[in-house]
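Residue strings, one per chain:
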Amino acid sequence: MARENTTPDLLIREPVTPVADPRQPVTPPASGTLREENPFDAMLARYGQAARLLDLEVGIDRILRHPEKEIIVAVPVEMDDGDIQVFTGYRVIHSTARGPGKGGIRYDAGVSLDEVKALAAWMTWKCAVVDLPFGGAKGGVLCDPFTLSLREKERLTRRYTAGIIHTLGPDSDVPAPDVNTNEQVMAWIMDTYSMHARQPETAVVTGKPVAMGGSLGRREATGRGVAISAGEAMSYVGMPMRGATVAVQGFGNVGSTAAQLLARDGCRVVAIGDKTGAIHDERGVDVDDAIAWVRTHGTLEGYPKGDAITNDELLTLEVDLLVPAALENVITSRNASRIRAKVICEGANGPTTAAADAILESKGIFVVPDILANAGGVTVSYFEWVQNRAAWYWTESQVNERLTEVMRRSFADVLRLATQHGVTMRTAAYMLAVGRVATAHRLRGVYA
Ligand code: GLU
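All chains use their own residue numbering, which begins from 1 and follows the written sequence. Two thresholds apply to this predicted model, a pLDDT of at least 70 for residue-level local features and 80 or more for giving and counting side-chain atom pairs, whereas whole-chain, interface and lining totals are computed over all residues. The side-chain numbers reported here are obtained from all heavy atoms of the structure, hydrogens and water having been left aside.

Colleague: Help me out: how do you make sense of helix H12 (residues 376–390) in this one?
Modeller: Every α-helical turn comprises 3.6 residues, leaving residues that sit three or four positions apart pointing alike. Helix length check: H12, at 15 residues, gives a terminal C-alpha distance of 21 Å against a target of 21 Å (1.5 Å per residue), a fit within 8%. Burial classes: relative accessible area under 20% of the type maximum marks a residue as buried, over 50% as exposed, and values in between as partly exposed (1.4 Å probe, protein chains only). Helix and strand assignments come from DSSP, with helices taken as H or I runs of at least 4 residues and strands as E runs of at least 2, each series counted from the N terminus. Buried residues dominate H12, accounting for 11 of its 15 residues. Among all positions in H12, only Gly376, Gly377, Val378, Thr379, Val380, Ser381, Phe383, Glu384, Trp385, Gln387 and Asn388 are buried. Every helix has an expected span of 1.5 Å times one less than the residues it contains.

Colleague: Explain the nonpolar core here, please?
Modeller: Across soluble globular proteins, nonpolar side chains show a tendency to be buried alongside one another. In terms of nonpolar packing, the biggest core is built from 91 residues, with Tyr47 and Trp125 touching the most fellow members. Counting residues per element, this core draws most heavily on helix H14 (residues 425–444), at 11 residues. Any two residues whose heavy atoms approach within 4.5 Å are treated as being in contact. If we ignore the near neighbours within four places in the chain, the residues touching Tyr47 are Leu56, Ile60, Asp61, Leu64, Arg65, Trp125, Tyr430 and Val434. Membership of the second largest hydrophobic core comes to 24 residues, among which are Val77, Cys143, Met186 and Val205. Remark: nonpolar core denotes a set of buried residues (Ala, Val, Leu, Ile, Met, Phe, Trp, Tyr, Cys) joined through side-chain atoms within 4.5 Å.

Colleague: Help me understand the sheet that holds strand S13 (residues 366–368), please; the structure alone is not making it clear to me.
Modeller: Strands in a sheet are paired, the pairing made by backbone hydrogen bonds, and the direction either parallel or antiparallel. Pairing in this open sheet of seven strands is mixed, and the strands run S10-S9-S8-S7-S11-S12-S13 from one edge to the other. In the strand order of this sheet, the two ends are held by strand S10 (307–309) and S13, each with one partner. Taken pair by pair, the neighbouring strands of this sheet meet at an average axis angle of 20°, ignoring direction. Note that strand S12 (residues 343–345) and S13 share three bridges and pair parallel. Across the sheet, Cys345 pairs through a bridge with Val368, a residue of S13. All axes here are fitted lines through C-alpha atoms, helices being fitted over the stretch that makes contact, and every angle between N-to-C directions spans 0 to 180 degrees. Across the face of the sheet, helix H7 (residues 253–264) comes into contact with strand S7 (245–249), strand S8 (268–274) and strand S11 (321–324) while running at roughly 170° to S7. Only strands joined by at least two bridges in the DSSP assignment are considered to pair.

Colleague: Could you clarify how one ought to interpret the packing of H7 against helix H8 (residues 287–297) in this entry?
Modeller: Each packed pair of helices is defined by two parameters, the angle between the axes and the distance between the axes. Contact geometry of H7 with H8 gives a least axis separation of 9 Å together with a crossing angle of 160°. With respect to H8, the element H7 is oriented roughly antiparallel. Here H7 and H8 pass one another in a crossing that is left-handed. Two secondary-structure elements touch here, H7 through Ser256, Ala259, Gln260, Ala263 and Arg264 and H8 through Val287, Asp288 and Ile291. Think of it as three bins: nonpolar holds Ala, Val, Leu, Ile, Met, Phe, Trp, Tyr, Cys and Pro, charged holds Asp, Glu, Lys and Arg, and polar takes everything else, Gly as well. Partitioned by chemical class, the residues of the contact of H7 with H8 number four nonpolar, two polar and two charged. Should an angle fall under 35 degrees it is called roughly parallel, over 145 degrees roughly antiparallel, and 65 to 115 degrees roughly perpendicular, with every other angle called oblique. Handedness of a helix crossing follows the sense of rotation of the near helix relative to the far helix, less than a right angle counterclockwise being left-handed and clockwise being right-handed.

Colleague: How do you make sense of the side chain of Asp370 when you look at a structure like this?
Modeller: Looking at the element boundaries, Asp370 is found in helix H11 (residues 370–373). Definition of a polar contact: a pair of N or O atoms within 3.5 Å, with one able to donate and the other able to accept a hydrogen when the atoms are protein atoms, and with sequence-neighbouring residues admitted only if both atoms are side-chain atoms. Engagement of the side chain of Asp370 in a polar contact is seen with the backbone nitrogen of Gly350, the distance being 2.7 Å. Beyond its immediate sequence surroundings of up to four residues, Asp370 is in contact with Trp122, Glu346, Ala348, Asn349, Gly350, Pro351, Ala375 and Arg426.

Colleague: How should the packing of aromatic side chains be read in this particular structure?
Modeller: When we look at a pair of aromatic rings, we describe it by the centre distance and by the angle of the planes. To pair, rings of Phe, Tyr and Trp, with the six-membered ring standing in for Trp, must have centres within 6.5 Å; the planes then decide the type, stacked if under 30 degrees apart, edge-to-face if over 60, and tilted in the middle. Tallied over the full model, the rule gives nine aromatic pairs. Seen in terms of ring centroids, Tyr47 and Trp125 are 5.5 Å apart; in terms of plane orientation they differ by 5°. Their pairing is stacked. Taken together, the residues Tyr47 in helix H1 (residues 39–53) and Trp125 in helix H3 (residues 113–129) connect sequence positions 78 residues apart. Their ring planes at 40° and their centres at 5.0 Å tell us that Phe383 and Trp394 sit as a pair that is tilted. With Phe383 in helix H12 and Trp394 in the loop between H12 and helix H13 (396–421), this pair connects stretches of sequence that are 11 residues apart.

Colleague: Could you clarify how one ought to interpret unusual backbone geometry in this entry?
Modeller: If a residue is not glycine, its phi is most likely negative; likewise, a peptide bond is most likely trans. Residue Asp131 is not a glycine yet carries a positive backbone phi of 60°. Residue placement: Asp131 occurs in the loop between H3 and strand S5 (136–142). Unusually for a residue other than glycine, Arg198 sits at a positive phi of about 60°. Assignment of secondary structure puts Arg198 in the loop between helix H5 (183–197) and helix H6 (218–236).

Colleague: Got a minute to help me understand the site of the ligand in this structure?
Modeller: Residues in contact with the ligand amount to 14 residues; listed here are only the nearest, Lys102, Lys126, Pro177, Asp178 and Ser381. Lys102 places a side-chain nitrogen or oxygen 2.7 Å from an oxygen atom of the ligand. Here Ser381 contributes a side-chain N or O atom positioned 2.5 Å from an oxygen atom of the ligand. Using a 1.4 Å probe, accessible areas were evaluated by the Shrake-Rupley method; residue-level cover was limited to the displayed protein chains. Here the ligand loses 95% of its free accessible area of 290 Å² to cover by the protein chains. The rule for a residue being near a molecule or strand is that one of its heavy atoms must lie within 4 Å of it.

Have a look at this one:
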């Protein structure tokens, strides 16, 4: 059952952490003060490093460390048995410097304000890395979506949407699917918003069903972007895709699509896993067959082919490519020294902690960071938003061609910066993103 909500009905916090010393140096908190598995700290650690390398001015640094807006709402829901439960919903807008807030909404038992803040900031950096005219936002509802009926999920979605409706809008804040949300949830958000706006507003969310304004190719876009980025990385390190061994952790929309496309490109997917456990088969897992199993059974649990292994064993397999595609904090200081993959391509947001970064770097592992590797989803969200506004729809091959172009160009931009500065792909991606957002702030100035 969901946890009781203790927050007031609506709390909009305009976060103002007072800065005592105006000459505060542009440095992240001293090491040791960062909590390794706190996602917002993990984001700040990487951001701080990029800000320092860019020699970012103190004022802009202060702005970028603080989300523009944090909304917490109580979400009362009448359950099917007549009982009223109250869930906690969050929406955080980290930045609108480059355009409307953009980012998904997740329904999960691990949702917290710090997680949503980190995810919102990661959206800012992600949109900037691939140069979309969006800022960054994220939302979440603390719940166990697997215990909710379809109708309970609909009521929860509509009430949460009503709670955050003042921030939403095609020109202000545009949600999308994330962990445990899908096209149907987006359709309910679009409908609730449109009823309040008294006109249909397809562009208020992306990742909608194709039958009501969604874009062809959006559902597969994040996984497709991961497969494209992995391909670029493998070609850079001189590893042929044909026959390359791959382990994929997470078998939801992102992991399963990435595994399927990598297998089509000739890779041998030797391990896949989800929250129920993992499967290992050196001869190669039949990805399409595993997807069909999950479609009928909900999870990989009980999948009869291959050897059952743990997720920790999957992460430390000796493979050419590892794709973490589930949640945060799976590669940490506890297991990073045991990782044996040559390339890591991050399908999830925040799968690697900042402490693990240094360990992976010392082992010479080539990491394509989340804010680049999984940007395919929001890129096609942008295409969807453009199609909605133009009321002019593209073919699936147009979508995929343009996505490939954006992913390849962005990979090359980040790689160029990494080589120039002698830094990792992650640091270079943050430098590119933070630099672009900082430029927008300089040009806009500070409204008074
Ligand atoms: N939830 C996805 C992400 O983390 C997509 C966000 C979007 O399309 O707005 O990138």
